[in-house]
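Chain residues, written in single-letter form:
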Amino acid sequence: MSLGELRVQPLALPGLRALRARDLGWLGVGIVLLLILERLLPDSQVYTGVTAIATAIALLGVGLVSGSGGMMSLCQLSFAAIGAWVVAFLSLHGAPGSLVLWVLLGGLAAVPFGLVVGLPALRLRGLHLAIVTLGFATMADAVFNNVGFPGDAADVAVRRPGLFASDGAYFVFAGAWLLAVAVAVVLVSRSRLGAGWRSLRSSERATAALGQSVPRLKLLAFAISAFLGGIAGGLIAG
């Protein structure tokens, strides 16, 4: 097998058309299920449902780092805390825009921290990397316990968009984020970047030999994972 064939192989996506049709089917099922749950869930379970949705978004980020990239990360909830803090801060101080924009900004605010956490991954692997990320999680937990969240002491709630002001409607709002993120993750996994992560999981040396930048792949995995974690935290703040 030639080097040229090796370069093409990670990008080959056999049966992509069928997978797209299947994905659209699952997306439709997800929308229907979301609307049904919004009607069936009692008010006491709506918060649990939103928390479950946010956790699923955070886990999709973990899947990019651990599942696709083959690296260990134990600080995803720290990124969620960063996103929640930013959303609470923007809401408390009446920042322009609405919760949709604030959730995105919360995700973006977590990205630099994801890059910082990803830097040790350039040298460390396995258990050693897991210990470093756990150390970051412990540090972040101590910081947020001391600083607190904006508006928490005064019991000031984050302002929701008028259309999603009720708890049931907010459940649909959070579910829509989950569906959008799931579609984005699927598209990324089928891109050249996703192929690079799968190659990285198998062998860093082979990935570098195929012309891929191993540091870039690792840092992007942690950055996108942090972004998704920040979005999850922002939704919980709402």
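Keep in mind the model is a prediction, meaning the values are calculated, not measured.

Participant: For the overall build of the protein chain, give the residues involved together with the corresponding values.
Facilitator: Scanning the protein chain for helices and strands turns up ten helices and zero strands. Reading the protein chain from its N end, one meets helices and strands in the order α-α-α-α-α-α-α-α-α-α. Here the protein chain holds 238 residues, and the buried ones make up 39% of them. Carbon and sulfur atoms form 69% of the exposed surface of the protein chain, whose accessible area is close to 12,700 Å².

Participant: So what about helix 3 (residues 43-68)? Which residues, and what values?
Facilitator: The end-to-end C-alpha distance of helix 3, which contains 26 residues, comes to 37 Å, matching closely the 38 Å that a straight helix rising 1.5 Å per residue would cover. Considering bend angle alone, the principal kink of helix 3 is centred on Val 62 and spans about 35°. One or two steps after helix 3, the chain reaches Gly 70, where phi turns positive at roughly 75°.

Participant: Tell me what's going on with the nonpolar core, and back it up with residues and numbers.
Facilitator: In this structure, Ile 57, Met 71, Phe 79, Leu 99 and Leu 235 are the most contacted members of the largest nonpolar core, which totals 51 residues. Looking at this core, the element that brings in the most residues is helix 10 (residues 214-237), giving nine residues. Other than its neighbours up to four places away in sequence, Phe 79 contacts Ala 110, Phe 113, Gly 114, Val 117, Phe 136, Ala 226, Gly 229 and Gly 230.

Participant: Any details on the side chain of Ser 78? Residues and values, ideally.
Facilitator: Structurally, the position occupied by Ser 78 is in helix 4 (residues 76-92). Under the relative-accessibility criterion, Ser 78 is labelled buried at 8%. Here Ser 78 is in contact with Phe 136, Ala 137, Ala 140 and Phe 144, once residues within four sequence places are set aside.

Participant: Can you tell me about the side chain of Thr 133, naming the residues and giving the values?
Facilitator: As for its placement among the helices and strands, Thr 133 is situated in helix 6 (residues 126-147). Contacts of Thr 133, omitting those with residues within four sequence positions, involve Met 72, Ser 73, Leu 74, Cys 75 and Val 117.

Participant: Requested: an account of the packing of aromatic side chains, with residues and values cited.
Facilitator: Under the definition given, this model contains six aromatic pairs. Ring centres of Phe 144 and Phe 149 lie 5.4 Å apart, and the angle between their planes is 10°; this geometry places the pair in the stacked category. Take Phe 144: its relative accessible area is 16%, and that puts it in the buried class. Counting every residue linked through ring pairs, the aromatic cluster contains Phe 164, Tyr 170, Phe 173 and Trp 177. Here the guanidinium or amino end of Arg 160 rests over the ring plane of Tyr 170, the centre of that ring lying 4.4 Å away.

Participant: Please set out the environment of Pro 112 residue by residue, giving values where relevant.
Facilitator: The residue Pro 112 is located in helix 5 (residues 99-118) in this model. C-alpha separation for the pair Pro 112 and Phe 222, spaced 110 residues apart in sequence, amounts to 9.5 Å.

Participant: Describe the layout of surface pockets, and please don't skip the residues or the numbers.
Facilitator: Where empty space is left in the structure can be found by rolling a water-sized probe over the atoms. Roughly 230 Å³ of internal volume is contained in the second largest pocket. Lining the second largest pocket, in full, are Ala 84, Ala 88, Gly 148, Phe 149, Pro 150, Gly 151, Asp 152, Asp 155, Val 156, Ala 157, Val 158 and Ala 237. Per-class residue counts for the lining of the second largest pocket are eight nonpolar, two polar and two charged.

Participant: Break down the confidence of the model for the protein chain for me, citing the residues and quoting the values.
Facilitator: Averaged over the protein chain, the pLDDT score is 81; the fraction of residues at 70 or greater is 89%. Counting contacts from residues 1-19, a segment whose pLDDT is below 50, to residues more than four positions away or on other chains yields 16 contacts.

Participant: An account of a nonpolar patch on the surface is requested, with residue identities and associated values reported.
Facilitator: A cluster of nonpolar side chains, namely Val 32, Ile 36 and Leu 40, defines an oily patch on the protein surface of about 300 Å² accessible area. By the secondary structure assignment, Ile 36 is in helix 2 (residues 16-40).

Participant: I'd love a proper account of the packing of helix 3 against helix 8 (residues 192-202), names of residues and values included.
Facilitator: Packing of helix 3 against helix 8 leaves a shortest axis separation of 8 Å and a crossing angle of 45°. The angle between helix 3 and helix 8 falls in the class oblique. When helix 3 is examined against helix 8, the residues Leu 64, Gly 67 and Ser 68 are found in contact with a partner set consisting of Trp 197, Arg 198 and Arg 201. Its residues assigned to classes, the contact of helix 3 with helix 8 comprises two nonpolar, two polar and two charged.

Participant: Lay out the packing of helix 3 against helix 7 (residues 167-189) with the relevant residues and their values.
Facilitator: Closest axis-to-axis distance for the helix 3/helix 7 pair is 9 Å, and the angle between their directions is 15°. Between helix 3 and helix 7, the crossing angle belongs to the class labelled roughly parallel. When you trace helix 3 past helix 7, the crossing you get is left-handed. Residue-level inspection shows Val 46, Gly 49, Val 50, Ile 53, Ala 56, Ile 57, Leu 60 and Leu 64 of helix 3 in contact with helix 7, the latter providing Asp 167, Gly 168, Tyr 170, Phe 171, Ala 174, Gly 175, Trp 177, Leu 178, Val 181, Ala 182 and Val 185. Here the residues of the contact of helix 3 with helix 7 are counted per class, giving 15 nonpolar, three polar and one charged.

Reading the values: the criteria
For every chain, the first residue of its written sequence is number 1, and the numbers climb from 1 along that sequence. Note on the predicted model: pLDDT of at least 70 is required for a residue's local features to be given, and 80 or more for side-chain atom pairs to be given and counted; whole-chain, interface and lining totals, by contrast, use all residues. Where side-chain values are given, they derive from all heavy atoms of the structure, hydrogens and water being excluded. Only runs of H or I of at least four residues qualify as helices and only runs of E of at least two qualify as strands under DSSP, and these elements are numbered from the N terminus. Burial classification: accessible surface area is computed with a 1.4 Å probe over protein chains only, and a residue below 20% of its type maximum counts as buried, one above 50% as exposed, and the rest as partly exposed. Here the open area of atoms and residues is found with the Shrake-Rupley method and a 1.4 Å probe, where only the protein chains shown may cover a residue. Expected helix span is taken as 1.5 Å per residue step, with the number of steps being one fewer than the number of residues. One axis is fitted to the seven residues ending at the residue and one to the seven starting there. The bend at that residue is the angle between these axes. What we call a nonpolar core is a set of buried Ala, Val, Leu, Ile, Met, Phe, Trp, Tyr and Cys residues that are connected through their side-chain atoms within 4.5 Å. Contacts are assigned to residue pairs with any non-hydrogen atoms lying within 4.5 Å of each other. Here is the rule: rings of Phe, Tyr and Trp (six-membered ring for Trp) pair when centre to centre is within 6.5 Å. Planes less than 30 degrees apart are stacked, more than 60 are edge-to-face, and the remainder are tilted. By the criterion adopted, a ring carries a charge over it if an Arg CZ or a Lys NZ lies within 6 Å of its centre and within 35 degrees of its normal. Residues are said to line a cavity or pocket when one of their atoms sits within 4 Å of a point; the points come from a 1 Å grid over protein atoms alone, cavities being sets where a 1.4 Å probe fits but cannot get out and pockets being open sets with protein on both sides within 12 Å along at least five of seven lines. Grid points are joined across faces, edges and corners, and a volume is the space filled by probe spheres set on the points. In this count, Pro and Cys sit with the nonpolar residues alongside Ala, Val, Leu, Ile, Met, Phe, Trp and Tyr, while Asp, Glu, Lys and Arg are called charged and the others, Gly among them, polar. Residue-level confidence of the predictor is what pLDDT reports, using numbers from 0 through 100. Note on patches: the residues involved have over 30% relative accessible area and no salt bridge, like charges join within 9 Å, and the nonpolar side chains Val, Leu, Ile, Met, Phe, Trp and Tyr join within 5 Å. Within this document, salt bridges are pairs made up of a side-chain nitrogen of Lys or Arg and a carboxyl oxygen of Asp or Glu, the two lying within 4 Å of each other. The axes are straight lines fitted to the C-alpha atoms, using for helices just the contacting stretch, and the angles between their N-to-C directions are given from 0 to 180°. Each angle gets one of four labels, with under 35 degrees taken as roughly parallel, over 145 as roughly antiparallel, 65 to 115 as roughly perpendicular, and the rest as oblique. Crossing chirality is assigned from the near helix's rotation relative to the far helix, an anticlockwise turn below a right angle marking it left-handed and a clockwise turn marking it right-handed.

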